[in-house]
Structure formats: structure tokens, C-alpha cells
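Read off the chains here:
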Amino acid sequence: MNKKAKITIKAVGLFLLAAVIVFGVYAFYVFNAYYRLPDKLTLEVKRNGENSYFDENFVVAPGKAYFIMTYNIGFGAYRKDYSFFMDGGKSSWARDEESVMASVSAMGEIIDTVAPDFVLLQEVDVDGTRSYHVDELELMNQFMKGYYYNFAQDYDSPFLFFPPWEPHGANKSGLVTYARAEITDAMRRSLPISESFSKLVDLDRCYSISRIPAENGKYLCIYNVHTSAYGGSDEIRQGQLSMLYEDMQLDYQNGNYVVCGGDFNHNMKEGTQENAPEWAYPFPREGLPEGFHMAIDGAKDEADVAHNTCRSAKEPYNPETAYTVTLDGFLISDNVNVNYYQHMDWGYEFSDHDPVLMQFILD
């Protein structure tokens, strides 16, 4: 072997050794940085300023009608032309900072115009590479004056270097619950998740419980949930729902009212869809605990729920070809009655999800 060949082999060997060391150091960093928040974490409740349109003596009471909305805002990235790498698309980040701010502001204006009494949001970034470090909670609060609110973190990743063409980076995100009435108790529950490598993208799934005193001495218990989408097994799915149901049943058995809303990453409509992705399996209606039902079944007109609440982000949105499914909605206890139920059709203009609006009356 000549001298030149030996030098080449040595250089290749040193390069491979360096690559192994770099990968090892990075893997150590990622796994060492991984953590989960403790279960049963008390959440801080804040009041977002004043609002002259709100009744300062707003009280939850039986026989009165209230509006609640759930909206997965997709960290402000999912405009119609957006596709997400984990769905088989291209992008990992939003287009730019201006796009993030415009999207979140547009969704804030939608909520402000409807002015629901309660609002559940998912995928709200407070500091993220993918969202250009826009504090979306602070931005959304500009449209939510007068509401009480809490934030439950469900994602805080170390810097992720995939996909290689646009590394997802470090991101912190969570669930936000808003209420016109005072929230006197709020708790974050840590959902079971996969212990495989997929936990690095699923991270710290949770749901929050916000309890609001009612006039009759009971509580309105509002659950905000976002269950696993990627890498979820049947065991994980069932484990997450079982834990959620246990808390819901306990609140109901204590005589309280329960409204659970959010992004369930299950098809909330009856029936099955062919070739459904793993994040759109049929919701296991048969497993609902006694005393609870699907709020969508209380819709007065099928036209109100004809529009699906989520589109696939495998490619930019094309209404003729896009796969759509209803992942968002509400579960309610039998002492809560649906008076109106609507899938709001915004054509996925600002997120890969569109909001669901429900009016309910307490027994």
C-alpha cells in the first residue's frame, strides 16, 4: 500500500472517529436534557387585565347557556401552503416570524369576535426555534382581555437537529385554558407516553383541569387535553384515555359538571375511514365511562359538523385532495347538555386545525 493510500485511509478513519464522537456527545446532550414535569402540578392562574364587556360578577349557574371553543393553533405555522416534516411534508419551521405573528393574531381575532365564555388552546409556543421565539401566549393575551387563564407545558425539547435541512431546534409549548369566570383551582396531569425514542418528539404530554365554582356549590371542571399523535401504540392510547377518564369520573361522582375538550388525535365522528393514519384512529366510544357521552352527538344539524376539524399536513392544503378528519371536540358528563355544536369552517387558513364551538347548559 502506497503512502498516499495510507494517508487517505487514516484521514477517513479520523473523520469517522470524529463523527462518532460528535454523535455520541449530541446523543448524551439530548438524553441528559430530557425531562418530564412532575404529575399533579398546581398551575398558576392569572387574570389578563380588565375587559369592560365582561360582567365582573360572572357566575356559573344551572340553567344558563355558555359557549366554549377548542382550537389547536399549530404553533402559528400551518398556513395553507405549509407541510410538516413529521407528516411526510417538507417544513419544520414556520415560514418566518411575521407569518407566525399574523397567524396567531388572526386566530386571536376569531376568538375575540366569537367571545366564548371558555377557550381551550393547544400547541401554543412560548419560546421556540420553529416559531422564531414568538411568545404566542403573550400575543394571544392581547385578544383575551379580562379572562382568567392558566398554561400547562407539554413540550420543552432540547435542540433537535432533525430534519437535517431545517433542524426543529429547541421548543417550549403547551395548553392554555381561558375562562370568563374565576378559576379557583388548576392542575396539570402528566399522561403516560412511550418510553422509546419517540418520546423525544412526544415529550411531555399532559392535560389540565380547571375548576370553576358554580352557584349551586358544585364545580364546573374544564379539561384541556392533547393526546399523543406520533409513535403512539394502542397501549399508550388506552393508557392516556384511562387516566383521563379516572379523573373525569371522580369529578362527576363528586357531583360536579365535566367538560373535556381539545385535540384527541382520534376520529371523533362515528364510523371508520380507510387508510387512516395513526393519529386518526376511530375514537373508542365503547370505552367511555358511565355518565359521559360525545358532545358531537348533540349537534342539532349534520351540516354544523360536516366540515372536518383537521387536515393532513403531508402537503400544502388542496381542498380537492387533502385528507381531513375530525380530531377536535368535547366529551361531557350527563349533567351537561349540548345546546349548539359547530365545526367552524375557516378552510385551515391559519392552522391545520379549525376550531370547534359548543354551547352548553348545566342541569
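Now for a quick tour of the structure. (Residues numbered from 1 in each chain as written. Predicted model: local features only at pLDDT ≥ 70, side-chain atom pairs only at ≥ 80, totals over all residues. Heavy atoms only, no water.)

## Examining the side chain of Arg189
As a reminder, the rule being used: A run of DSSP states H or I qualifies as a helix once it reaches four residues; a run of E qualifies as a strand once it reaches two. Both are numbered from the N-terminal end. Type-normalised accessible area, obtained with a 1.4 Å probe on protein chains alone, sets the label of each residue: buried when under 20%, exposed when over 50%, and partly exposed for intermediate values. We define a polar contact as two N or O atoms separated by no more than 3.5 Å, with the added condition that, inside protein, one atom must be a possible hydrogen donor and the other a possible acceptor, whereas residues neighbouring each other in sequence contribute only through side-chain atom pairs. By definition in these notes, contact holds between two residues if any of their heavy atoms fall within 4.5 Å.
Mapped onto the elements, Arg189 comes out in strand β7 (residues 185-190). Assessed through its relative accessible area of 10%, Arg189 is described here as buried. At a separation of 2.8 Å, a polar atom in the side chain of Arg189 contacts the side chain of Asp39. There is a polar contact of 2.7 Å between the side chain of Arg189 and the side chain of Asp247. Among all residues touching Arg189, those that are not within four sequence positions of it are Asp39, Lys40, Arg205, Cys206, Tyr207, Ile209, Met243 and Asp247.

## A closer look at helix α5 (residues 234-253)
This is how it is decided: By this rule the span expected of a helix is its residue count minus one, scaled by 1.5 Å.
Across its 20 residues, α5 extends 28 Å between first and last C-alpha, which sits within 8% of the 28 Å expected from 1.5 Å per residue. Within the sequence span of α5, burial applies to Ile236, Arg237, Gln240, Leu241, Met243, Leu244, Tyr245, Asp247, Met248 and Asp251. Two residues or fewer past α5, Gly255 is found with a positive phi of approximately 90 degrees.

## Description of helix α2 (residues 97-114)
With 18 residues, α2 should reach 26 Å at 1.5 Å per residue; the first-to-last C-alpha distance of 26 Å fits that figure. Against the buried residues of α2 lie β3 (65-72), β4 (118-128) and α3 (136-141). Taken from the residues just after α2, Ala115 is the one with a positive phi, measuring 55 degrees.

## Considering the state of the cysteines
Rules: We call a pair of cysteine sulfur atoms a disulfide when they lie within 2.5 Å.
For the structure shown, the criterion picks out zero disulfides. Cysteine Cys260 remains unbridged, with the sulfur of Cys221 as its closest cysteine sulfur at 11 Å. The exposure class of Cys260 is buried, given its relative accessible area of 0%.

The values are spatial; any link to function lies outside them.
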